Amino acid sequence: MLSDIELLLKLQVIDYDLGELERSKEYIPDMMENLKREIKESEELFQKTEKELSESKVMQKNLELEISTRQEELKKLQTQMMSIKTNKEYDALISQIDSVKEAISDRETQVLELIEKIEKLNGSIDDYRKNAEESRVQNEKQLAVLQEKMDSVGSKVSIKQDERHRIEVQVPKRTMSIYERVRKNRGGDVVVTVKKRASGSCYKALPPHRIQEIKRGDQIITCDNCGRMLVWIDGESE
Ligand SMILES: [Zn+2]
């Protein structure tokens, strides 16, 4: 037959587990959200880079086409130079030639910038792809584990509640109500070990006769200061 205090210590372990299970209902979904977000973000980075890369290549091709069209145009204008008759015609043609040359040079600058950009994107896209794949594989593994945990919380809680009930009925009602009150008001452990002749929770020193009573263990002794139930454990309490 277990003493009341031993029963309460068992109860306390169950209550701790129940608390953890309750907390896991909050943090497991949070962890899962984070893992899903990581997958999504790494995939988006890869896709965004891939899109940017292909758009840049298309832009480069278009600019190069435009450059060759303008170069044809330039050749024609330069041929026309041969048949110029007036100064006015000459001035007009020169300004036309200048503007085509300027357009070509602008586009050449843009092509150079694009080539640089494409090189940079090419340098990082493999890493992004690998990262996205790894994140998917790793995180999905973790997600499966967490989902399983989440699915089993309900049944674990009811098992613990059954265990709790079986102990609860063996503890005197008055003791049980002290336990419940301290648990509700203070949180954390209700039964605490005496440590260095003081309450293991609030560290208030205990007079010798109290220590004797606690050591006997035949009645519930609570701490005057924190209200928790005190227990003597040989080797831990001295
Ligand atoms: Zn105390």
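Computed from a predicted model, the values in this text were never measured in an experiment.

With that settled, the discussion passes to the overall build of the chain. Helices and strands together make up the secondary structure of the chain, namely four helices and three strands. Starting at the N terminus and ending at the C terminus, the chain contains elements arranged as α-α-α-β-β-α-β. Since a compact globule built from 238 residues should have a radius of gyration of about 18 Å, the 40 Å found for the chain marks it as more spread out than a globular shape. For the chain, the spread of C-alpha atoms along the principal axes amounts to about 125 × 35 × 30 Å. Going through the 238 residues of the chain one by one, you find that 11% of them count as buried. Within the chain, contacts between residues separated by at least 24 positions form 72% of all contacts whose residues are at least 6 apart in sequence.

Now for the nonpolar core. As a rule of thumb, soluble globular proteins bury nonpolar side chains together. Core analysis: the biggest nonpolar cluster contains 18 residues, and Ile5, Leu8, Val190, Val191, Met229, Leu230 and Val231 have the highest contact counts within it. For this core, the element with the most residues is helix H1 (residues 4–80), which contributes four residues. The residues touching Leu8, leaving out its near neighbours within four places in the chain, are Val171, Tyr179, Val190, Val191 and Met229.

The terminal C-alpha atoms of H1, which comprises 77 residues, lie 112 Å apart, in line with the 114 Å expected from a rise of 1.5 Å per residue. The sharpest bend along H1 measures roughly 35° and falls at Ser24. The set of residues buried in H1 consists of Ile5, Leu7, Leu8, Leu11, Ser42 and Phe46. Looking at the packing, one finds that the buried side of H1 touches helix H2 (87–168), helix H3 (173–186), strand E1 (191–195) and strand E3 (229–231).

Sheet analysis places E1 next to E3, joined by three bridges and oriented parallel. Following the sheet pairing, Val192 is matched in E3 by Leu230. When E1 meets strand E2 (residues 198–199), the two strands line up antiparallel, connected through two bridges. Residue pairing across strands places Lys195 opposite Ala198, the latter belonging to E2. The hairpin turn running from E1 into E2, its antiparallel successor, is two residues long, and Lys196 in that turn takes a positive phi close to 50°.

With that settled, the discussion passes to the sheet that holds E1. With respect to topology, three strands assemble into an open sheet ordered E2-E1-E3, the strand pairing being mixed. Each edge of the sheet is formed by a strand with only one pairing partner; in this case those strands are E2 and E3.

Split into domains, the chain comes out as domain 1 (22–168) and domain 2 (173–231). Put simply, the middle of domain 1 and the middle of domain 2, counted by C-alpha atoms, are 63 Å apart.

Rules and cut-offs
Residues numbered from 1 in each chain as written. Predicted model: local features only at pLDDT ≥ 70, side-chain atom pairs only at ≥ 80, totals over all residues. Helix = DSSP H or I, 4+ residues; strand = E, 2+ residues; numbered from the N terminus. Rg over C-alpha atoms; globule rule 2.2 N^0.38 Å. Buried ≥ 20, exposed ≤ 12 C-beta atoms within 10 Å, placed from the backbone. Contact = placed C-beta atoms within 7 Å. Core = buried A, V, L, I, M, F, W, Y, C linked by C-beta atoms within 7 Å. Expected span 1.5 Å × (residues − 1). Bend = angle between axes of the 7 residues up to and from the residue. Pairing = 2+ DSSP bridges. Domains from an automatic or database assignment.

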